[in-house]
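Report on the structure
Here are the chains, one letter per residue:
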Amino acid sequence: MRLLSPSTPPPRFPSPGPKPPTSAATALSASSSYFSLRLRRARAAAAAGAAAAGGPERDGGRFEREAMGGAFDRGLAEIAKKVPLFEPATDGELAAAAGERPLLINLELWLYRVKVHTRKFEFPEAEKLLDKCISFWPEDGRPYVALGKLYSKQSRYDKARAVYERGCQATQGENPYIWQCWAVLESKGGNIRRARELFDAATVADAKHIAAWHGWAILEIKQGNIKKARNLLGKALKYCGGNEYIYQTLALLEAKAERFEQARTLFQQATQSNPKSCASWLAWAQVEMRAGNNTMARKLFEKSVQASPKNRFSWHVWALFEANEGNIDKARKLLKIGHAVNPRDPVILQSLALLEYNYSSANVARVLFRKASQIDPRHQPVWIAWGWMEWKEGNARTARALYQRALSVNSTNECAARCLQAWGVLEQRAGNYTAAKRLLRSSLSINSQSEVTWMTWAALEEEQGDPVRAEEIRNLYFQQRIEVVDDASWVMGFLDIIDPALDSVKKLLNLDQPFGQVRQDTVKSTTQPSPPTARISAAEESSEPSATGVTSSLSSNDANNSSSEATETQGSDFNLDGFIKKRLGLDPAELDAVLEGSDPRGVVSQRKRRLPRKPLPLLPIP
């Protein structure tokens, strides 16, 4: 009997040669998966047999035989327990565990994880990741910058300095970002000389690092060295080219010196450099407010909200402008829109509360003040404004408690100086002259340049019948105040090659006067504390997309408007209701419902809530 036909060739069996080598990790994982699979099947069969027989008591011999037969499986199970079946570890973590340098992509991933941990206030986890980044990539400057900022957020300034110093040594002084961040840290700490040295080192490391030139110029502006600041800004423009922030800063410097034509030219260059910059439109609008061109200012405010519909400063400052012009309903509407798109901002609620107090009722204002204080209990201006309102309402005891609450947050900053001045006026009106003098002196120890506080103290001495002492106080103020003398000669032939940015529109333009209130020129007006309003910071303003054209709709006739046109309220073709419906999805008729329905506790809990972690994927059972 033939098993194979003659025509069919016999099959070729593989020779017992050497097999291709397999990796140990693959074999180990395969064996562990096989062991665990056999163990699960054996246990399932034993459980099914026991259930069918009514329990382990019945057919004990069979159960014992299966137990003896599964001894091999139990031994394999003990081995499988020591082998991890699934670990979601990345290649970078495996390489780090093995002592090898991971791929560069892992640095980007870890830096992203640091941002996520920082946003969730998980500082220890972020610090561990940054330490790993520095240990594997000591030549990269980004982990040093991120770790220094992380320490600064926790007020661990000594460790931040140490990190920056170690980063400069590791990068051999060629990373300008580390020098610049270190300089900003020293500038905030008041070490001006050291900050100048560090800014200089940053510009030496990279002459095209515009943030270093700009930060150094801002430092000189704060110190009153205007010529030095302009020189630095000119170098920034020379090495780095045009920049929106540089043109914006120069424009604000020109507006400070009341050279409005030059300021307009620079603002046009800033908006041409970046039409989507909300900060440039907003700063330009505030300059036109000061110049009295209200029609042009209103158009610029419209440009700012179109450039960044969710920017809280745009809605806030525009609302203050409309309130100052007497358009109370429009101002109230703008503040409600700002709160709807920024429910976590207490400053908008503070201004809305002051507006309701001036034109509605104190009870409505109290509700808004309470909401604002619940959103951010550490925001001092809210407590100060609330205390001012209660003092105006005759509730001196409540006002003292609110002032004390504001000082418990911080007793050494500018807000504390204003709080002490307002509290001093309260005690003066109550007849507690000793306490009033002590509070005013404490305010001047924090801010010795406050004219309001000096004149309030002088008025207090006159009220007590000591005009000689009052005159001494006035002379002392004029002797110690700091005046910045500006020079206009730099404008000739230098306007087209300049470039810087600045951190506070308020400090350069003195736009912190509350709405509906004239500048305090008399002694009587200076003895009353003014309701605190929001401070606008150009550095904090975000530039979000969707800006319209540059300045095509802003004709030159608007720039040359007379002062009489400042008092006119002309109609605008900007459809506010249609804009918020289309861009923000807000119904104008439901703004009051949104304001009343907003729960501050929900806002706070949403802020502190952590993002849910995704569950790890499960391996399919073969």
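Parameters and conventions
Residues numbered from 1 in each chain as written. Predicted model: local features only at pLDDT ≥ 70, side-chain atom pairs only at ≥ 80, totals over all residues. Heavy atoms only, no water. Helix = DSSP H or I, 4+ residues; strand = E, 2+ residues; numbered from the N terminus. Buried < 20%, exposed > 50% of the residue type's maximum accessible area, 1.4 Å probe, protein only. Contact = heavy atoms within 4.5 Å. Areas by Shrake-Rupley, 256 points an atom, 1.4 Å probe, with all protein chains shown as cover. Expected span 1.5 Å × (residues − 1). Phe/Tyr/Trp six-rings, centres within 6.5 Å; stacked < 30°, edge-to-face > 60°. Lys NZ or Arg CZ within 6 Å of the ring centre and 35° of its normal. Polar contact = N/O pair within 3.5 Å; in protein donor to acceptor, adjacent residues only side chain to side chain. Axes fitted to C-alpha atoms, helices over the stretch in contact; angles between N-to-C directions. Parallel < 35°, antiparallel > 145°, perpendicular 65-115°, else oblique. Left-handed = near helix turned anticlockwise from the far one by under 90°. Nonpolar A, V, L, I, M, F, W, Y, C, P; charged D, E, K, R; others polar. Core = buried A, V, L, I, M, F, W, Y, C linked by side-chain atoms within 4.5 Å. Salt bridge = Lys/Arg side-chain N within 4 Å of Asp/Glu carboxyl O. UniProt positions renumbered as here; feature names shortened; annotations may be inferred.

Looking only at helices and strands, one finds 32 helices and 0 strands in the protein. Taking all 622 residues of the protein together, the buried fraction comes to 45%. For the protein, long-range pairs separated by at least 24 residues make up 63% of all intrachain contacts whose partners lie at least 6 apart in sequence. As displayed, the protein offers around 33,600 Å² of accessible surface, 53% of which is attributable to carbon and sulfur atoms.

Looking now at helix H25 (residues 451-463). With 13 residues, H25 ought to run about 18 Å at 1.5 Å a step, and its terminal C-alpha atoms sit 18 Å apart, in line with that. Among all positions in H25, only Thr-453, Trp-454, Met-455, Thr-456, Trp-457, Ala-458, Ala-459, Leu-460 and Glu-461 are buried.

Another aspect to go through is the packing of aromatic side chains. Scanning the entire structure with this criterion turns up 20 aromatic pairs. An aromatic cluster is defined as three or more aromatic residues linked by ring pairs; in this entry it consists of Phe-301, Trp-315, Trp-318, Phe-321, Phe-574 and Phe-579. In this arrangement the basic side chain of Lys-132 is found over the ring face of Trp-110, its NZ or CZ atom lying 4.5 Å from the centre. Just above the ring of Trp-182 sits the side chain of Arg-194; from NZ or CZ to the centre is 4.9 Å.

To continue, consider the side chain of Ser-373. Along the chain, the position of Ser-373 falls in helix H20 (residues 362-375). Polar side-chain contacts of Ser-373 include one of 2.8 Å to the backbone oxygen of Arg-370. The contacts of Ser-373, once residues within four sequence positions are left out, are Val-382, Trp-383 and Trp-386.

As a further point, take the packing of helix H14 (residues 260-273) against helix H15 (residues 278-291). To describe two helices that pack against each other, one gives the angle between their axes and the distance between the axes. Between H14 and H15, the least distance of the axes is 10 Å, while the angle of their chain directions is 165°. Considering their axes alone, H14 and H15 lie roughly antiparallel with respect to each other. Handedness of the crossing formed by H14 with H15: left-handed. In this structure, H14 contributes Phe-260, Arg-264, Phe-267, Gln-268, Ala-270 and Thr-271 to the contact, and H15 contributes Ser-280, Trp-281, Ala-283, Trp-284, Val-287, Glu-288 and Ala-291. Partitioning the contact of H14 with H15 into residue classes produces 8 nonpolar, 3 polar and 2 charged.

Here the focus is the nonpolar core. One finds Trp-315, Trp-318, Ile-337, Phe-369, Tyr-403 and Ile-580 to be the most contacted residues of the largest nonpolar core, which totals 125 residues. Grouped together as the second largest cluster of nonpolar side chains are 11 residues, Trp-457, Ala-458, Leu-460 and Ala-470 included.

Going through the model one piece at a time under the given rule, you end up with 24 salt bridges. Glu-322 is the salt-bridge partner of Arg-298, the closest N and O atoms lying 2.9 Å from each other. Separated by 24 residues along the polypeptide, Arg-298 in helix H16 (residues 294-307) and Glu-322 in helix H17 (residues 312-324) bring together distant segments of the chain. The residues Arg-298 and Glu-322 share a single accessibility class, namely buried. A salt bridge links Arg-474 to Glu-462, with the shortest nitrogen-to-oxygen separation between them at 2.9 Å. Within this pair, whereas Arg-474 is found in helix H26 (residues 467-480), its partner Glu-462 is found in helix H25, the two being separated by 12 residues in sequence.

Let us now look at the side chain of Lys-437. You can see Lys-437 is positioned in helix H24 (residues 433-446). A distance of 2.8 Å separates a polar atom in the side chain of Lys-437 from a polar atom in the side chain of Gln-464. What Lys-437 contacts, discounting residues up to four positions off in sequence, is Trp-457, Leu-460, Glu-461 and Gln-464.

This part covers H16. Between the first and last C-alpha of H16 there are 20 Å, a value that for 14 residues agrees with the 20 Å anticipated at 1.5 Å per step. Of all the 14 residues making up H16, 13 are buried; the element is thus mostly covered by neighbouring parts of the structure.

We now examine the UniProt feature "repeat: TPR" (unreviewed entry) in the protein. In this numbering, the UniProt entry assigns the feature "repeat: TPR" (unreviewed entry) to residues 244-277. Across residues 244-277 one finds 79% helix and 0% strand; the C-alpha atoms that close the span lie 8 Å apart.

Attention now moves to unusual backbone geometry. Phi is positive for Ser-155, which is not a glycine, with a value near 60°. The topology assignment puts Ser-155 in the loop between helix H7 (142-153) and helix H8 (157-170). Overall, Ser-155 belongs to the partly exposed group, its relative accessible area being 48%. Within the chain, Gln-172 stands out as a residue other than glycine whose phi angle is a positive 60°. Assignment of secondary structure puts Gln-172 in the loop between H8 and helix H9 (176-188). Residue class for Gln-172 comes out exposed when judged on its relative accessible area of 65%.

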